Amino acid sequence: MPTASVTVPVRPFAWRDGAWWRARAEDLGTLWRRSLRFRIVAITLALTALTIIIACVWMALAIQNDLFESRKTQALTDARRAVDSAQATLNNAVVQDDPVQVQNLLTSIQGPLSQQSTTDMTLAVRIDTTPSQLAPPGFRSGGLEESMISPELRKHVRDQGGDEKQWAQSIALPGPGGTPLPGLVVGQQIIVPDIGPYELYLAYDLDDAATTLSFVQVTLWIVGSALVVLIGAIAWFTLRAVTTPIREAAETSAQLAAGDLGVRLTVHGEDELATLGRSFNAMADSIQSQINQLAELSLVQQRFVSDVSHELRTPLTTIRLASDMLNDRRDEFDPATARAAELMHAQVQRFEVLLGDLLEISRYDAGSVQLELEPTSLARLAEDVIVSMQQLAEQHGSDVRLVAPGGYSPVDMDPRRIRRIVRNLLGNAIEHGEGKPIVITVDSNQQAVALGVRDYGLGMTEADAERVFDRFWRADPSRRRTIGGTGLGLSIALGDATLHRGALTVWSRPGHGSNFVLTLPRGPAPVEPGSPIPTDPDDDASLDDLGLTQPIALHDLPDGGAR
Ligand code: ADP
């Protein structure tokens with residue numbers, strides 16, 4: 001039976017992955033930027049570790065040097081004493097040119113040498129290399145070999161060791177199992193009567209000193225590392241005492257900035273942080289009371305505007321009736337009185353519009369506006385508004401075109417308010433469009449429906465466009481006005497759009513016209529960025545695709561959708 005073999009791809013361990021390391025490095029970078037505590041602890045640790053490393057290395061070297069020097073002095077003294085004693089023995093001996101006696105004499109100092117000194121590793125080598133029957137070659141004990149002595153040391157001893165000079169050098173001694181042990185060899189000359197000088201070496205085992213040294217060094221490093229960890233921990237806990245209140249203060253001020261004016265810091269003790277906390281709370285108290293005062297003042301103002309508007313309505317209705325009557329009968333008056341009646345009629349009408357707008361604004365301020373939602377086709381609504389304002393557009397010489405690739409299917413909205421927005425936008429476009437064509441675009445996507453009003457007239461600077469939704473604001477009060485605006489139209493339009501959880505945005509350039517885009521969400525969720533119609537017309541390639549250079553008549557518009 002054939003057997004199937006499956007090859008499982010071997011994934012490299014996650015920690016070997018370059019991406020994994022990059023992600024960790026980014027995490028550390030973020031922590032470094034965001035956490036003061038992490039940064040200070042890391043810097044403290046790095047500096048402490050550096051200081052402790054330098055101190056430990058310095059101490060280890062100093063101890064090592066000191067230990068070596070003291071052992072060296074000890075070895076030199078020890079060797080001097082032993083060699084002096086051996087030399088005295090040799091000087092007192094009498095040898096009768098007998099090789100055996102000479103050999104015996106040399107052998108006889110070997111034992112006392114080891115006894116007088118603290119080492120049994122000795123080596124004696126005859127300096128004069130001329131063969132002699134009488135002179136023995138030397139002796140060795142304790143495993144010290146000629147080959148172990150460096151030629152430099154031997155040269156010093158041989159050439160300059162005449163006047164009892166000593167030389168010392170580090171040496172590797174054979175240890176148990178062949179492991180080399182640290183040692184020190186002391187060399188000097190010894191004179192055998194009738195024969196001449198010998199190099200004499202005594203080797204000292206420094207293993208105990210090395211053990212002491214490594215013990216001291218290990219202890220130093222352990223204490224050093226423990227100190228670094230301890231200092232890091234102390235820095236961490238000390239900083240926590242400082243950063244925790246700072247973090248709390250940051251969080252509380254963020255809450256305060258977000259409008260929660262009642263939040264306060266919990267203050268403990270009387271130190272600097274407690275003083276900071278108390279000052280912060282005092283500041284929050286002051287801000288809260290000032291904002292409350294301003295809110296009350298604003299409420300009083302709103303009520304005043306609302307009350308005055310209501311109060312003005314009754315006398316205005318009477319004035320309006322009177323002005324209507326006078327205007328209707330102006331043919332019966334002399335020309336000057338007729339003109340006055342006409343002017344009064346126009347201004348009373350304007351006054352009425354202003355009063356209506358003021359009442360609407362005060363309703364927004366009081367939060368008493370209720371939407372009356374019903375499924376409405378934005379494209380159909382736009383058609384209605386265009387038809388109703390066609391005459392005005394013609395008076396201004398503007399050709400209003402509608403481009404509606406979408407936006408026919410009904411969406412829940414308050415048609416009265418949306419119609420008011422579109423009327424206002426189209427009215428403004430006609431007013432400031434300088435008789436050039438005006439394009440109204442309606443389109444939709446899955447989330448929203450949108451309507452854009454584009455004119456090619458006066459336009460506004462960027463700074464003006466930013467203020468266009470402010471109450472009573474006009475780009476240039478000296479501009480010729482024919483529809484008689486109050487400067488409240490766009491702020492009411494923005495209020496209506498916001499009530500629908502929608503957006504009203506503007507693009508405008510002096511001499512290139514303006515583009516206002518109203519976007520309404522299909523569902524209850526607020527509208528997201530990315531309207532079906534871009535606010536900046538430079539982003540919109542689709543208008544050219546639609547062949548907008550040709551005027552589009554209303555009867556050309558596609559059918560379908562509900563009104
Ligand atoms: P108004 O009643 O004065 O039209 P709005 O709030 O509707 O008040 O508009 C405020 C101001 O914004 C207008 O006075 C005008 O200066 C400017 N503005 C509005 N729409 C346009 C536009 N399409 N082109 C140029 N300026 C405009």
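Residues numbered from 1 in each chain as written. Predicted model: local features only at pLDDT ≥ 70, side-chain atom pairs only at ≥ 80, totals over all residues. Heavy atoms only, no water.

With that settled, consider the pattern of salt bridges. One pass over the full model with this rule turns up 27 salt bridges. A salt bridge links aspartate 208 to arginine 71; the shortest N-O distance between them is 3.8 Å. Of the two residues, aspartate 208 sits in helix H5 (residues 207-257) while arginine 71 sits in helix H2 (residues 36-92), which places them 137 residues apart along the sequence. Note that aspartate 78 and arginine 81 form a salt bridge whose closest N and O atoms lie 3.1 Å from each other. In this pair, aspartate 78 and arginine 81 both sit in helix H2, three residues apart, roughly one turn of the helix. Three or more residues are tied together by salt bridges with common partners; here these are Glu360, Arg363, Asp414, Arg417, Arg420 and Asp496. (Salt bridge = Lys/Arg side-chain N within 4 Å of Asp/Glu carboxyl O. Helix = DSSP H or I, 4+ residues; strand = E, 2+ residues; numbered from the N terminus.)

This paragraph deals with the environment of aspartate 194. Within the element layout of this structure, aspartate 194 appears in the loop between strand S4 (180-192) and strand S5 (196-205). With relative accessibility at 57%, the residue aspartate 194 sits in the exposed group. For the pair aspartate 194 and valine 94, spaced 100 residues apart in sequence, the C-alpha separation works out to 9.5 Å. (Buried < 20%, exposed > 50% of the residue type's maximum accessible area, 1.4 Å probe, protein only.)

Let us look at the nonpolar core. Grouped together as the largest cluster of nonpolar side chains are 38 residues, with contacts concentrated most on Ile418, Leu426, Ile440, Val442 and Leu451. Counting only elements with at least two residues in this core, the list comes to helix H8 (378-388), strand S7 (400-403), strand S8 (411-413), helix H10 (415-432), strand S9 (438-444), strand S10 (448-455), helix H12 (489-499) and strand S12 (513-521). At seven residues, the largest contribution of residues to this core is made by H10. Contact partners of isoleucine 440, with chain neighbours within four places excluded, come to Ala382, Ile386, Val400, Arg401, Leu402, Val403, Leu426, Leu451, Gly452 and Val453. If you look at the next biggest cluster of nonpolar residues, it comprises 26 residues, including Ala79, Val83, Leu106 and Ile109. (Core = buried A, V, L, I, M, F, W, Y, C linked by side-chain atoms within 4.5 Å. Contact = heavy atoms within 4.5 Å.)

Looking now at the site of the ligand. What surrounds the ligand is a group of 18 residues, the closest being Asn428, Asp455, Ala475, Thr486 and Leu490. Relative to its free-state accessible area of 520 Å², the ligand is covered by the protein chains to the extent of 98%. Elements represented by at least two residues in the shell around the ligand include exactly H10, H12 and S12. If one sorts the elements of the shell around the ligand by residue count, H10 sits on top with three residues. In terms of residue class, the shell around the ligand is made up of six nonpolar, eight polar and four charged. (Near = heavy atom within 4 Å. Areas by Shrake-Rupley, 256 points an atom, 1.4 Å probe, with all protein chains shown as cover. Nonpolar A, V, L, I, M, F, W, Y, C, P; charged D, E, K, R; others polar.)

That's the geometry; what it means functionally is another story.
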